[in-house]
Structure formats: C-alpha cells, structure tokens
Amino acid sequence: MSEEACDVVIGGAGPTGLSAARRLRREGRSVIVLEARDRVGGRTWTDHIDGQMYELGGQWISPDQTALLELVAELGKETYPRYRDGDSVYIAPDGTRTVYSGDMFPVAESTRAEMERLIAVLDELAARIGPKAPWHAPDAAELDSISFHHWLREQSDDELACENIGLFIAGGMLTKPATAFSALQAVLMAASAGSFTHLVDDHFILDRRVVGGMQSVSVQMAAELGEDTVRLGQPVRRIDWTADAVTASTDELTVRADRAIIAVPPNLYSRITFDPPLPRLQQVFHQHQSMGLVIKVHATYDTPFWREQGLSGTGFGAGRLVQEVYDNTNHGEEQGTLVGFISDVRADAMWALDEETRREQILRSLAEFLGPQALEPRVFYLSDFGAEEWTRGAYATSYDLGGLHRWGRYQNDPVGPLHFASSDIAAEGYQHVDGAVRIGTATAERILEG
C-alpha cells in the first residue's frame, strides 16, 4: 500500500467534492480526491445506451440555482432550454385524460381553489421558515411530528387537491410516500427552491440543461484538477483521526492530511470505519437519513411525435404508474426523447417484475399521456440508482419523522478535522447539483478560514 500526504483529503468526486477541491486548490492547498467509482460526477451521470445519450442522473438547472449557473459559465459551457411549447396532459385518478394549457391542472373549480390555497399556505411557511435553519422555527417540532400526507389532510378535505399537491414533494422530489416524511421536511424542500410555487412550476424548476450533459461539469472540473489529484476506483474504507490529523485509507492507498471532507450522501457514511468512532450523536442521527427510490424512465423515438400533435411532452398524473413525463430531447438531435418518473412504492412494484412485463407496463403508462406511438421506442432504458453500490437510492436523503428538527442543526458540524458535505445537507439547492456546488465551496471556505 502506497502512502501520500496533502493538506485536505476528500472522499467523493461528485460536484460537492470537486467544487471543494477546486476552491482549496485556488488558495494553494494541496488536495487528493478519492472516488469509489470508475467515473466522476456522483449522482450526475451522462452515458450512452444503445448509441443514445441519456442523463441517467441529475440534469436540470432552474433560474435560482445561481451557484451552478455561475460555475457552468466559468467553465465555458453552454446551456439550452427544455422544450415546453404546446399543451400538457393531465390524467385524473379515474384515468380520464385531459389536454390543457396553463400552469394549473384541469380539475374542478373547487379543487383548483384548494390547490391554490394550499400552495399559498406552503409558500408562506417556506418564506417564514427558510432553508438555512428550519429547526429554529417556533412550530418546527409540531410540523416535524406529522407526516406531510396527514398535514395536508388537516388543511383540506379535498382529497384530489391533497394528492396533487403531495405529488410535487413526495413523488417529485423526496421520492418517498408522503406518509414517510414530515411537513417540516416538505417545507424545507420548498424553501430550498425559493418557494412551493417554484416546485409546482415545471417551467421554472426544470428550466435548462447543459449541452453535453450535467456530468460534463464534473468531468471538466476533474480534468482541471488533474489525475494526480482525482483518484478513481479508490473507495475510502477507513478514516483514522485525531484532533488535528487524518489518515484516509483505501484498498491501495493511504493519504495523510490535516483535514478531510466526506463528500458523499449521509446514507454512505456507515460504509467508512472511523477510528476513533464518531461521537454518539452522529452515530445515531446518521441512521435517520435515508434515500428515496425513483426509476428514471428514458425512451427515444425516431421523431418527437408529440410535438406534431401540439403537445409539449409534459404530463402529470398523481396515482399513475409514471407520474410525470417530459420532453427530454438532447440539444441538436432530430430524434425525440421522453423522460418519466416512477416513485417509491410503484418503483418497488416495477423492480419485482420480469424485464419484459416491466417494460410493457411502463410504456403503456407513457402511452396514457402521449398515445400509442409511445409504445414503440427505438431505445428504452431505466436508471436504477437504488441498485448502485455507491449511491443506494435517489434523488437524495431526507430525515424520517421528527428527525429534521431534532438533528438537522448538527448535520453540518465538523467532528474534529472531519467535515461533512453533500447536496443532502445543503440549504439553498437542497438535493440539487446547485446545492452540491454551494456546500462544497462553503466547506472549503470554512477550512480556509481555519
């Protein structure tokens, strides 16, 4: 086993770890980044499947994600808007399909009014509580003790309004049933995006993409840092630490440093043996942060046929197998690509099926939105981060009931020379690439300040 030394050792070469390394290097600090995978990018991953480029992981940028936008511009990369011209499709719980325009689902006037009222309530909570320290809110414990599902039903007796509003947090963001996380966790999700209104506005939250794919941002940062800095295929197995020194060990390499940044999601902290063990507090609350589960569905066709029908490719259906679908055609391509999402318990059900049955059911669900042509893609692929050893879920971790107000205040605290950083514990940009960039840079600056 070889030994090396540097000022700061970083575990994880996703946007967080690479942003931290980049900031430290600019101030003359020596850095080694240890990455378990054979690639950089973490939960951003742009790959070619049967000759078709797909964004297997995170991909979109919204206008408020200024840290990511500034990084993309600094790297000289281009972005392009998501295609969204034309009408959208809504499928009601009884299967009724409606083509509509505008921002609000085509539901009964009373349900529409309830949805608008619930959005306003959540906007007020998000503005008041904010993303930085939701646990300090006077009603934090109360909001954290009730599931988002049950909180919504305390606010309204319109079941469809509750289901439609729940879709945007449960299936659309945290990828867990709304009974599995608290109302406070939902408010944090909204606050981190600027408002709940932003989360329900697909034109805002899914605004732009990076030409060449989001992973290319990490690839370019890693290339700038160099192969001597970014080491692939080096999972950190053990960290020995004292008050002012760290030794990080992989199967092949030992790195001695003054500080360490553990730039992986909290559900992976337990993959590392710490000596001495982390304090009791961390040992306990790390166990209460878990990933959700989502299948990202990719389907490419000879042409974007939905556009010929005056459709944008956007569709929503709370309670359907595929609950969201969007036009995800790559920049400059003539063929058309759709992306859809299957969340939590429905994802469980799909992975329990054989491949042929799973494909058939998913394509039938896409066809509910966009017609029989959706049944025959030329390329079809399912992203499965839940089975990926160094992720184990998607999109990000969240606390179980009661965990956010109890432990959230400690999640960013260093333990001696050990610093924890990932989009999962960011404030603005929580669970997005923007949050990864923000917290990576902020952690590096914290180290630089001494």
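Refer to the structure above for everything that follows.
1. Some thoughts on the overall build of the protein
Within the protein one finds 16 helices and 24 strands. Expected size for 450 residues packed as a compact globule is a radius of gyration near 22 Å; at 22 Å, the protein falls within 12% of this value. Taking the principal axes of the C-alpha coordinates as reference, the protein spans close to 65 × 50 × 40 Å. Looking at the protein as a whole, 60% of its 450 residues qualify as buried. Of all intrachain contacts in the protein linking residues separated by at least 6 positions in sequence, the fraction that spans at least 24 positions is 74%. As displayed, the protein offers around 17,500 Å² of accessible surface, 47% of which is attributable to carbon and sulfur atoms.

2. Focus on the packing of helix 1 (residues 15–26) against helix 16 (residues 433–448)
One way to put it is that helix 1 packs onto helix 16 with a least axis distance of 7 Å and a crossing angle of 35°. The handedness of the crossing between helix 1 and helix 16 comes out as right-handed. In this structure, helix 1 contributes P15, T16, S19, A20, R23 and L24 to the contact, and helix 16 contributes V433, A436, V437, I439, G440, T441, A444, E445, I447 and L448. Split by residue class, the contact of helix 1 with helix 16 holds ten nonpolar, four polar and two charged.

3. Concerning the pattern of salt bridges
Per the counting criterion, the structure on display carries 28 salt bridges. Residues R37 and E35 are paired through a salt bridge, measuring 3.3 Å at the closest nitrogen-oxygen approach. The salt bridge partner of D434 is R438, with a shortest N-O separation of 2.6 Å. Of this pair, D434 and R438 both sit in helix 16, four residues apart, which is roughly one turn of that helix.

Analysis parameters
Residues numbered from 1 in each chain as written. Predicted model: local features only at pLDDT ≥ 70, side-chain atom pairs only at ≥ 80, totals over all residues. Heavy atoms only, no water. Helix = DSSP H or I, 4+ residues; strand = E, 2+ residues; numbered from the N terminus. Rg over C-alpha atoms; globule rule 2.2 N^0.38 Å. Buried < 20%, exposed > 50% of the residue type's maximum accessible area, 1.4 Å probe, protein only. Contact = heavy atoms within 4.5 Å. Areas by Shrake-Rupley, 256 points an atom, 1.4 Å probe, with all protein chains shown as cover. Axes fitted to C-alpha atoms, helices over the stretch in contact; angles between N-to-C directions. Left-handed = near helix turned anticlockwise from the far one by under 90°. Nonpolar A, V, L, I, M, F, W, Y, C, P; charged D, E, K, R; others polar. Salt bridge = Lys/Arg side-chain N within 4 Å of Asp/Glu carboxyl O.

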